[in-house]
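Below, each chain spelled out in residue letters.
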Amino acid sequence: MLINVPAADGSAEAFVARPVTGDGEFPGVIFYMDAFGLRPRIEEMAQRIADWGYVVLAPNVFYREGTIADLAPAGDMRTQEGRTAAGKIAFPRVGRLTSAKAEPDIDAWVSALAGLDGVKPGPIGTTGYCMGARLAVRTANLHPQKVAACGGFHGGGLATDEADSPHLGLVNARARFVFGHADKDPSMTPEAVALLGKALADSGLEASNEIYEGARHGYTMADTSAFHDAATERHFQELRTLLDSTLKR
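The sections below set out a description of the structure shown in this document.

How each quantity is defined
- Along every chain, residues carry numbers that run from 1 in the direction the sequence is written.
- A pLDDT threshold of at least 70 governs which residues receive local features in this predicted model, and a stricter bar of 80 or more applies before side-chain atom pairs are shown or counted, although totals over entire chains, interfaces and linings include all residues.
- Hydrogen atoms and water are omitted, and side-chain values are computed over all heavy atoms in the structure.
- The nonpolar core is taken to be a set of buried Ala, Val, Leu, Ile, Met, Phe, Trp, Tyr and Cys residues, with the residues joined through side-chain atoms within 4.5 Å.
- Relative accessible area decides the class of each residue, using a 1.4 Å probe on protein chains only: under 20% of the type maximum gives buried, over 50% gives exposed, and in between gives partly exposed.
- Each helix is a run of H or I in the DSSP string that is no shorter than four residues. Each strand is a run of E no shorter than two, and both are numbered from the N terminus.
- Pairs of residues are marked as contacts when any of their non-hydrogen atoms sit within 4.5 Å.
- Pairing between strands requires that DSSP locate at least two bridges from one strand to the other.
- Angles shown run from 0 to 180 degrees and are taken between the N-to-C directions of axes, each axis being a line fitted to C-alpha atoms and, for helices, limited to the stretch in contact.
- Any Phe, Tyr or Trp ring, taking Trp's six-membered ring, that has another such ring centre within 6.5 Å forms a pair; planes under 30 degrees apart are called stacked, those over 60 apart edge-to-face, and the others tilted.
- The rule is simple: put a 1 Å grid over the protein atoms alone, call a set of points where a 1.4 Å probe fits but cannot get out a cavity, call an open set with protein on both sides within 12 Å along at least five of seven lines a pocket, and count a residue as lining if it has an atom within 4 Å of a point.
- Grid points are joined across faces, edges and corners, and a volume is the space filled by probe spheres set on the points.
- When residues are grouped by polarity, Ala, Val, Leu, Ile, Met, Phe, Trp, Tyr, Cys and Pro land in nonpolar, Asp, Glu, Lys and Arg in charged, and all others, Gly among them, in polar.
- Polar contacts, as used here, are pairs of N or O atoms within 3.5 Å; protein pairs need one atom able to donate a hydrogen and one able to accept it. Residues neighboring in sequence count only if both atoms are side-chain atoms.
- Only one rule defines a salt bridge in this text: a Lys or Arg side-chain nitrogen within 4 Å of an Asp or Glu carboxyl oxygen.

**Regarding the nonpolar core**
I49, W109 and F177 are the most contacted members of the largest nonpolar core, which totals 82 residues. With seven residues, the top contributor of residues to this core is helix α4 (residues 99-114). In this view, W109 contacts V5, A7, A12, I30, Y32, L57, P59, N60, V61 and Y63; residues no more than four positions away in its chain are not counted.

Dropping the structure here:
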């Protein structure tokens, strides 16, 4: 189902997924989309996570740029040409979503999740994809008493030399982390992966920080040419273990 969330600069649409079976309350998870936006593939992934026994909120983090319908990719992204064409429109949005804009929104997403019917009080999880991985990490950094689990998959820019690089905030986090990096990803080089790993270790955080060999940036997105089935299934397995071990204890 779609809801509207009061965010920092207006109303944002968000997709909510709940378990198909089961009654009662369930732990909450925030799902941060990739640059191509909130679309059927994101809804499929959120629903799969929900069916493990969670209430999942996937916000349109680009609400300042337009509605879900406004931002929907045109063309078939399962071809390289189609993905490239869609990226020329979508990728500039990523740069415009600065940390100064994203961080007040994160507070809104956390509050919205807590206010949903059927969300169990207590710790929450977050998972993010591509640029959404940065948002997931920022959420764990900003809400250490709330976020117990954080996943980041084929993320970019998680450890840079910028003053607001997400890895610098890990000193504040208390979550358990799982990262599944894309192989040969220019947005997250082996050096950046190592820098992220050092920040995790220096902060005393329990974490997995792995490169998925042979998997391209965007490997979980079955509606694009970057899709890698084995890496996607590995990601789901590792994410489920993370969430279940932290939120269902």
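**Things to note about the pairing of strand β1 (residues 2-7)**
What you see with β1 is a clean split: I3, V5 and A7 sit on the buried side and L2, N4 and P6 on the side with no burial. Direction of pairing for β1 relative to strand β2 (residues 10-17): antiparallel, over a ladder of six bridges. Each residue of the ladder has a partner; that of I3, found in β2, is A14.

**So, the sheet that holds strand β6 (residues 147-153)**
Reading across the sheet, the eight strands line up as β1-β2-β4-β3-β5-β6-β7-β8 and stay open at both edges, with mixed pairing between neighbours. A single partner strand is all that each edge strand has here, and the edge strands are β1 and β8 (207-212). Shown here is a sheet whose adjacent strand axes are inclined to one another by a mean of 20°, direction ignored. Note: strand β5 (residues 124-129) against β6, six bridges, orientation parallel. The partner of T126 across the bridge, within β6, is C150. This element, helix α7 (residues 229-247), spans β3 (28-32), β5, β6, β7 (176-182) and β8 of the sheet and lies at about 175° to β6.

**Examining the packing of aromatic side chains**
Taken as a whole, this structure holds seven aromatic pairs when the rule is applied. Summarising the aromatic geometry, the rings of F177 and F179 are spaced 5.8 Å apart at their centres and angled 10° between planes, so their arrangement reads as stacked. With respect to class, F177 is no different from F179; both count as buried. Their ring planes at 35° and their centres at 5.3 Å tell us that Y212 and Y219 sit as a pair that is tilted. With respect to burial, Y212 and Y219 carry one shared label: buried. Clustering of aromatic rings is evident, with ring pairs tying together F31, Y129 and F153.

**What about the layout of surface pockets?**
Gaps left between atoms show up when a probe the size of a water molecule is rolled over them. One number sums up the size of the largest pocket: a volume of about 200 Å³. A35, F91, C130, M131 and H217 are the residues nearest the centre of the largest pocket, which is lined by 15 residues in total. Looking at the lining of the largest pocket, the elements with two or more residues in it are α3 (80-96) and α5 (131-142). Ranked by residues supplied to the lining of the largest pocket, first place goes to α3 with three residues. Looking at the lining of the largest pocket residue by residue, the class counts come to seven nonpolar, five polar and three charged. When its volume is computed, the second largest pocket comes out at roughly 150 Å³. The biggest single contributor to the lining of the second largest pocket is α5, with four residues. A class-by-class count of the residues in the lining of the second largest pocket yields five nonpolar, three polar and three charged.

**Observations regarding the side chain of D105**
Examined against the element boundaries, D105 turns out to sit in helix α4. Within the local environment of D105, its side chain forms a polar contact with the side chain of Y63, the two groups lying 2.7 Å apart. A polar side-chain atom of D105 sits 2.8 Å from a polar atom in the side chain of R64. Apart from the residues within four sequence positions on either side, D105 is in contact with A7, A8, Y63 and R64.

**What to know about the pattern of salt bridges**
Counting across every chain of the model gives 15 salt bridges. For R39, the salt bridge is made with D34, and the minimal N-O distance between the two is 2.7 Å. In this structure R39 comes out as buried when scored by relative accessible area, which is 6%. The class for D34 is buried, based on a relative accessible area of 2%. A salt bridge links R64 to D105; the nearest nitrogen and oxygen atoms lie 2.8 Å apart. You can see R64 sitting in the loop between β4 (55-59) and α2 (68-71) and its partner D105 sitting in helix α4, a full 41 residues away along the chain. The class for D105 is buried, based on a relative accessible area of 1%.

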